[in-house]
Amino acid sequence: MQSYPAPALALVQALSEAAAADPVHAVAFQGAPGANSHRAALEAVPDGAPLPCFSFEDALDAVKDGRAGLAIIPIENSQHGRVADIHFLLPESGLSIVGEHFMPIHACLMGLGDGPFTAAYSHPQALGQSRHYLRARGIVPLSHADTAGAAAHVAELGDPAIAALAPKIAAELYGLKIVAENVEDAPDNTTRFVLLSRTPLDPATIAGPAITTFVFEVRNIPGALYKALGAFATNALNMTKLESYQQGASFAATRFYCDVVGKPGEPGLDRALDELRFFATDVRVLGTYPLGRERG
């Protein structure tokens, strides 16, 4: 807890105690109180008890250790792409994705006064989503662990030339003045979050449209990916996400993170996954869960 800026500690303590009193309904999130992930936890699980955690690993560990029933983790942003390291953390966590939540992201520039500001702290994702705004004003972006934590850090610093990019609620929580609202570069700026649990959902219990997330590995040889994914096309499956990443230093094999509309038990998806396992290695389903937003 001491990793949080001092202005956030009392709020972290209060939320942590409330979550500890009802761990089954606790929802772990990364960041200080007032962060976008805190907002997402309140929206996605209105009757939950938000549990602030300093890092993504801490949030996942809270679920694995039984201190929280769920974790909510940002996985990608419409303007700035995937959240760093999340593709490594999810497969390693041993948890299952049981839901997704889409949330519009609006950032405010806030500080101790009206500025002008020479620099602004925020999470790297938030800085990337407002990079044109900051550059046009000569404000240097400075990385922090999360958005609300950046606001608490600015309050702790006491320097009127340093600002934070954070949700509006963070200004209220940490006594900062909002100088500008909606400073994100795109008005439709949206982040996709996933909910994780120790227990996977049974695909048969999902009544409506579902999405299945899985990872797999292919060798770096010509045609390997084409052969591995061909069955998804022939079975008319909507693959909404396919991202590659390297694991380890050998660069001898490429891992892929994939979302497909459908669920195990449906003949088309079952056939496609069987064929994928023939051409790929280490195929792991990370979860099947209700479709939170229609994919075109």
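Below is a short write-up of the structure. Quick caveat, the model's predicted, so the values are computed rather than measured.

## Quick notes on the overall build of the protein chain
Reasoning step 1: A count of helices and strands for the protein chain gives ten helices and 15 strands.
Reasoning step 2: Relative to the globule expectation of 19 Å for 296 residues, the C-alpha radius of gyration of the protein chain, 21 Å, shows essentially globular dimensions.
Reasoning step 3: Each of the three principal axes of the protein chain carries a C-alpha extent, and together these read 60 × 45 × 35 Å.
Reasoning step 4: Considering the protein chain as a whole, with its 296 residues, one finds that 53% of them fall into the buried category.

## A look at the sheet that holds strand S6 (residues 108-111)
Reasoning step 1: Strands sit in the order S8-S7-S9-S6-S10 across an open sheet of five strands; the sheet is mixed. The two strands at the open ends of the sheet, each matched to only one other strand, are strand S8 (140-143) and strand S10 (177-180). Across this sheet, the average inter-strand angle for adjacent strands is 35°, counted without regard to direction.
Reasoning step 2: Pairing between S6 and strand S9 (residues 162-166): three bridges, direction antiparallel. Paired with Leu 109 across the strands is Leu 165, a residue of S9.

## A closer look at unusual backbone geometry
Reasoning step 1: Between Gly 115 and the following residue, Pro 116, the backbone shows a cis peptide bond with an omega angle of 5°.
Reasoning step 2: Here Pro 116 lies in the loop between S6 and strand S7 (119-122).
Reasoning step 3: A positive phi is found at Asp 282, a non-glycine position, where the angle reads about 50°.
Reasoning step 4: Secondary-structure assignment places Asp 282 in strand S15 (residues 281-290).

## Side note on the nonpolar core
Reasoning step 1: Membership of the largest hydrophobic core comes to 30 residues, with the highest contact counts inside it found for Ala 28, Ile 73, Leu 90, Ile 97, Leu 196 and Tyr 257.
Reasoning step 2: The dominant element in this core, judged by the number of residues it contributes, is helix H3 (residues 56-64), at five residues.
Reasoning step 3: Leu 196 has contacts with Leu 60, Val 63, Gly 69, Leu 70, Ala 71, Ile 73, Leu 90, Leu 95, Ser 96, Ile 97 and Val 98, leaving out every residue within four places of it along the chain.
Reasoning step 4: Core analysis: the next-biggest nonpolar cluster, separate from the first, contains 22 residues, Ala 32, Ala 35, Tyr 121 and Ala 170 among them.

## A short note on the sheet that holds strand S12 (residues 210-219)
Reasoning step 1: Strand order in the open sheet formed by four strands is S13-S14-S12-S15, with antiparallel pairing between adjacent strands. In the strand order of this sheet, the two ends are held by strand S13 (239-245) and S15, each with one partner. Averaged over all neighbouring strand pairs, the angle between strand axes comes to 15°, with direction disregarded.
Reasoning step 2: Pairing analysis gives six bridges linking S13 to strand S14 (residues 253-261), with the strands arranged antiparallel. Looking at the pairing, Leu 242 lines up with Cys 258 of S14.
Reasoning step 3: Its contacts with the sheet put helix H4 (residues 86-93) on S12, S13, S14 and S15, and the angle it makes with S13 is roughly 100°.

## Some remarks on the pattern of salt bridges
Reasoning step 1: Throughout the structure, instances matching the rule amount to 16 salt bridges.
Reasoning step 2: Taking the shortest distance from any N to any O, the salt bridge between Arg 39 and Glu 43 comes out at 3.8 Å. On the criterion of helical spacing, the pair formed by Arg 39 and Glu 43 is a turn pair, its members being four residues apart in helix H2 (residues 36-44).
Reasoning step 3: You can call Glu 43 partly exposed: its relative accessible area is 39%.
Reasoning step 4: The partner of Arg 277 in a salt bridge is Asp 274, and the shortest N-O contact between them spans 3.6 Å. Separated by three residues within a single helix, Arg 277 and Asp 274 lie in helix H10 (residues 267-279), roughly one turn from each other.
Reasoning step 5: When salt bridges that share partners are traced, they join Glu 76, Arg 82, Glu 100, Arg 192, Lys 241, Glu 243, Asp 259 and Arg 295 into one network.

Analysis parameters
- In every chain, residue numbers begin from 1 and rise along the written sequence.
- Only residues with pLDDT of at least 70 get local features here, since the model is predicted, and only at 80 or more are side-chain atom pairs given and counted; chain-wide, interface and lining totals rely on the full set of residues.
- Note: side-chain values were computed over all heavy atoms of the structure, leaving out hydrogens and water.
- We count a stretch as a helix when DSSP gives it H or I for four or more residues in a row; a strand needs E for two or more, and each element gets its number in order from the N terminus.
- Every radius of gyration here is taken over C-alpha atoms, with the globule rule written as 2.2 Å times N^0.38, N being the number of residues.
- Each residue is placed in one exposure class: buried if its accessible area under a 1.4 Å probe, protein chains only, is under 20% of its type's maximum, exposed if it is over 50%, and partly exposed if it falls in between.
- Two strands qualify as a pair provided DSSP detects at least 2 bridges between them.
- In this analysis an axis means a line fitted to C-alpha atoms, helices contributing only their contacting stretch, and an angle means the value between N-to-C directions, from 0 to 180 degrees.
- Here, the term nonpolar core denotes a set of buried Ala, Val, Leu, Ile, Met, Phe, Trp, Tyr and Cys residues that are joined through side-chain atoms within 4.5 Å.
- Here, residues are in contact when the closest pair of their heavy atoms is within 4.5 Å.
- A pair is scored as a salt bridge if a Lys or Arg side-chain nitrogen falls within 4 Å of a carboxyl oxygen belonging to Asp or Glu.

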